[in-house]
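Descriptive analysis of the structure
In case you want the letters, here they are:
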Amino acid sequence: MSYTLRGRVETRLAAALLPVLVAAPLSVVLHKWWPLQLAGLMLGIGLALDVAVYHRFLPYQPGWAAVPLGLLELGLTVAAARALELGAPLGPALAFFAAAWLLAQLLVHAGLPLVHLTWPEDGGELGRAGPGLSVAAPVALLAVLGTAWAVEPPTVRLEAGVHQGPLVLDHAQTVVGEPGTVVRGGILVTADDVTLRNLTIRGGEYGIEVRDAESVEIDGVVVEAAELDGINARLSQLDIHDCEIRSLPGASTQGIDISFASQLPASVVENCVVVGGMEGIVTHMANVLVRDNRVRSTELRGIAVTEMSMGHVEDNVVEDALGVGIFCGDYSHCSIEDNRVAGMRVDPSGNPTRAGFGLVAHYGAIATVEGNTLERPPASFIGARIEPR
Amino acid sequence: MPERVAIVGSGLGGFVAYATLRHAGLEPGEIAIFGDEPDPAGAWRPRAAAIRQRRMRSESDGHCAPTSFPGLAAYEAARRRDLAPLLLSVCDRYRPTVDVFLHHVARLRERTLWDESFVPARIERVAAVEGGFDVGGRGVFRHVLVATGHPGLALPAELARDPRVVHAYEPHEYAERVAVVGAGMAAATEWLNALEAGAEVVSVRRREPARRPLNVARPLFGKRGLAGFRRAPRGRRAELLRRFGEPSYPPGRTWDTPLERAEREGRFRVATAVNGAEQVICATGFRRGYHHDPLLAQLVEDHGLETEDRWIVLADDSTVPALTDGARTLSLAGVPGQWAYPAADTLVGMKVAARRFRQRVVSCPTR
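Only a predicted model underlies this, so the values are computations on that prediction, with no experimental measurement involved. (Residues numbered from 1 in each chain as written. Chains lettered and ligands numbered in written order. Predicted model: local features only at pLDDT ≥ 70, side-chain atom pairs only at ≥ 80, totals over all residues. Heavy atoms only, no water.)

1. Some points on the domain arrangement of chain B
Residues and elements named next belong to chain B. To be explicit about the condition: Residue ranges for the domains originate in an automatic or database domain assignment. The contact criterion used is simple: two residues touch if any of their non-hydrogen atoms lie within 4.5 Å. When two components associate, each loses some accessible surface as probed by a 1.4 Å sphere; the sum of these losses over both components is called the buried area. Put simply, a salt bridge is a Lys or Arg side-chain nitrogen that is within 4 Å of an Asp or Glu carboxyl oxygen. Between N or O atoms, a polar contact is any pair within 3.5 Å; within protein, one atom must be a potential hydrogen donor and the other a potential acceptor, and residues adjacent in sequence are included only when both atoms are from side chains.
In terms of domain boundaries, chain B breaks down into domain 1 (5–64 + 97–152 + 287–363) and domain 2 (157–209 + 247–282). The C-alpha-based centres of domain 1 and domain 2 are spaced at 32 Å. On the domain 2 side, the residues contacting the 7 residues of domain 1 number 15 residues. Both sides of the domain 1 and domain 2 interface together cover about 870 Å² of buried area, and 53% of this is carbon and sulfur. The interface formed by domain 1 and domain 2 includes 2 salt bridges. Across the pair Glu 196 and Arg 54 runs a salt bridge whose closest N-O atoms are separated by 3.8 Å. Between the two partners, domain 1 and domain 2, sit 3 residue pairs in polar contact (both at pLDDT 80 or more).

Following this line, the structure appears as structure tokens:
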């Protein structure tokens, strides 16, 4: 195919139409702007390459060139998305890009030649439809992106150094720390759509306290020396990724406690490290996915899904826990798979349910298990059941 | 409904135009195809058979269907349940077999009801008259596409009376010592054919053949490459067309390996004369120029059409400017259309002319 410049631009816009049309409702459904922003970014980068590079250096573009050019555009899109901090999750963003790329290939190899007979010899130009598309598509996209930008929660950047808290976040916003940013005294979140990223929180009653808030994201956060829990959420839905909770004073503290949210969508705790405290990760009456975490040196239970919670506990490592490693209790339903529990300690209290079990189901709970690595067989007590998957 | 569109020539060029018009919604009764041979591949088939051609030189777009997609690669992939044709196609490496191509022609002929429009008649003259064109006394048509194909086989004058001579595109077997005159695709094919038949081969040529995948560079198949070509002054344009017509055949080991082996064995060599050969195969292609085509020569003479060198000067949409206006169209497809589109003699080129013709027919207010 030998594109004219106009043909490249018009074909690019035609190919971007459906991804943008998909991204718009997706953004509405997800309450996130990244699908639209990503679609806009892909289109912008594609158009820039069309004008500045492809048109100059590719007078003829064989079909196979779509693969390396697609990879080039993917690399630039990922880099730009990171630089602009779009907040697009990598997996879904890659899937979106791949789907848009495949669609574009179908369009240029099959769709456009079918609906517009002279498209190939016209160098990708779309005839009378082309100029309209060239004007309407960027205007529509800019309007949507402008709206997105205008209504998007503000981003607050905290400079490196110590910031005295507690911070109270009572409206949607993104708080991003530079390397070396410390908030002393904790953060209280009481609004939906709050994101905390790259922060160290030191001291405070709770490191992060979330109350009656949804779509809260906690990403790359370190909590040190909180007086009670590292992260404590009530009536809330939150996603926690790549966190570290350390220097818990023990006794009655939890690393992460998500409770009283059974009517809300599932919360996620992923890739976190919790050291010390009474319980590492605990849920009461909540829906949770607890995955790929490392919990160490707890005094009551490593991971506990209890009080009628629904929980998936997968691929976690629990080490050096006193009494119980993973606990499913009080009529909860748990799916417990591919976890590794090691170095359990027997509780000296003599309580038979705390005899250093890697996995315990208790009081009417049902635990479905598969692929866990335990030092001794799991145990169930008081009407609870452990069922292999 | 009266016939309003005439296609002069029932070969592949006419067939492509017919299929394109049918795709635009014209009924068979609205189109008349004039020609000697009801089979659209009737002229092409024996030539391909004569040179033992097994695969098409053209790529995945080299078919007669009105839309580029689905091409033969897609059909082959679906038929064989194999992605290989599609992968080869995106790498510009898919070359359908002659059998696949001929099957496609037969199927399309049936599907488009070609035979309902075919009129067995050789047209000697097309003349502009009131309301359109008189097509050899067979009626007056508003829109006429002339696709008469190549105007006969070319033989070097000095060999014309040589009893050893056979043209590559005529049926023939191979003697023990064969001279192949020419350096294009047909010549290269004949070198390999004769070697495979056990002959000693002498390649007689005046110049070294160019090695390129297609006669015309790929960018010249599209608007971008054509822009430069069409901007060129007439003399330069004719010079470019002559250059595109110089003999060439594709690069690749398929050609080189057997030739190198035969050369080492002393069975293949290059010479400048045919001396000593038992058989002389002239792979010298076709006569070139409108003046070899009686219908076109007459057309130029009757209407004083503009010409340059051996080409009739055409508009970019392959129409004859002096005889085309809002109410009528005279279009040239195939070889005579090269002035507008250098690759007009390829299937892709035939489609380009056909699509422009279709646009004019469909948008004509007096259709």
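2. What to know about the pairing of strand β7 (residues 194–197) of chain A
All names here are of chain A. Heads up, the condition is: Exposure is judged per residue with a 1.4 Å probe applied to protein chains only, and the accessible area is read against the type maximum: over 50% gives exposed, under 20% gives buried, and values in between give partly exposed. Here a strand is any run of E in DSSP of at least two residues, a helix any run of H or I of at least four, and the numbering for each starts at the N terminus. At least two DSSP bridges between two strands are needed for those strands to be called paired.
Neither face of β7 is open: one carries Val 194 and Leu 196, the other Thr 195 and Arg 197, and all of them are buried. Where β7 and strand β10 (residues 216–219) come together, 3 bridges link them in parallel fashion. Each residue of the ladder has a partner; that of Arg 197, found in β10, is Asp 219.

3. Concerning empty space enclosed by the protein
Residues and elements named next belong to chain B. Keep this limit in mind: A 1.4 Å probe that fits into a set of points on a 1 Å grid over the protein atoms alone but cannot get out defines a cavity; an open set with protein on both sides within 12 Å along at least five of seven lines defines a pocket, and lining residues are those with an atom within 4 Å of a point. Grid points are joined across faces, edges and corners, and a volume is the space filled by probe spheres set on the points. Note on residue classes: Ala, Val, Leu, Ile, Met, Phe, Trp, Tyr, Cys and Pro are nonpolar, Asp, Glu, Lys and Arg are charged, and everything else, Gly too, is polar.
Within the structure shown, the criterion is met by 1 cavity of 30 Å³ or more. Of all the elements, helix α12 (residues 347–363) adds the most residues to the lining of the largest cavity, at 3 residues. Here the residues of the lining of the largest cavity are counted per class, giving 5 nonpolar, 3 polar and 2 charged.

4. Here we look at the interface of chain A and chain B
Chain A puts 21 residues into the contact, and the matching count from chain B is 21 residues. A combined buried area of about 1,800 Å² lies between chain A and chain B, and 60% of that area is made up of carbon and sulfur atoms. For chain A, the biggest contributors to the area lost against chain B are Tyr 60, Leu 117 and Glu 121 of chain A; these three give 38% of the whole. Summed over the shared surface of chain A and chain B, the result is 3 salt bridges. The salt bridge involving Glu 125 of chain A is made with Lys 223 of chain B; its shortest N-O contact spans 2.5 Å. Counting across the interface, chain A meets chain B through 9 residue pairs in polar contact (both at pLDDT 80 or more). It is helix α4 (residues 90–115) of chain A that provides the largest number of residues to the side of chain A that touches chain B, a total of 4 residues. Grouping the constituent residues of the side of chain A that touches chain B by class yields 11 nonpolar, 7 polar and 3 charged.

5. Observations regarding the state of the cysteines
All names here are of chain A. The criterion, for reference: When the sulfur atoms of two cysteines come within 2.5 Å, that pair is taken as a disulfide.
This structure, assessed with the given rule, holds 2 disulfides over all chains. The disulfide bridge from Cys 243 ends at Cys 272, spanning 2.1 Å between sulfur atoms. Taking the torsion about the S-S bond as the criterion, the Cys 243 to Cys 272 disulfide, at about 130 degrees, is right-handed. One end of the pair, Cys 243, is in the loop between β13 (238–241) and β14 (244–246); the other, Cys 272, is in the loop between β16 (267–270) and β17 (273–275), and 29 residues separate them in sequence. Here Cys 243 matches Cys 272 in class, with each residue buried. With a sulfur-sulfur separation of 2.0 Å, Cys 328 is cross-linked through a disulfide to Cys 334. Handedness of the Cys 328-Cys 334 disulfide follows from its S-S torsion of about 90 degrees: it is right-handed. Taken individually, Cys 328 and Cys 334 each receive the classification buried, so the pair is uniform in this respect.

6. Remarks on the sheet that holds strand β8 (residues 200–202) of chain A
Residues and elements named next belong to chain A. Put simply, the test is: Angles here are taken between N-to-C directions and fall from 0 to 180 degrees, while the axes themselves are lines fitted to C-alpha atoms, restricted in helices to the stretch in contact.
Taken in spatial order, the 9 strands of this open sheet run β2-β5-β8-β11-β14-β17-β19-β22-β25, and their pairing is parallel. Since the sheet does not close on itself, it has two edges, and those belong to β2 (161–164) and β25 (340–342), each with one partner. The average angle at which neighbouring strand axes cross in this sheet is 15 degrees, direction not considered.

7. Re helix α1 (residues 12–23) of chain B
Residue and element names in this part refer to chain B. Counted only if it meets this: A helix is expected to span 1.5 Å multiplied by its residue count minus one.
When the terminal C-alpha atoms of α1 are compared, their 16 Å separation across 12 residues agrees well with the 16 Å that a helix rising 1.5 Å per residue should span. Counting buried residues in α1 gives 11 out of 12 residues, a clear majority hidden from the surface. Within α1, burial applies to Leu 12, Gly 13, Gly 14, Phe 15, Val 16, Ala 17, Tyr 18, Ala 19, Thr 20, Leu 21 and Arg 22.

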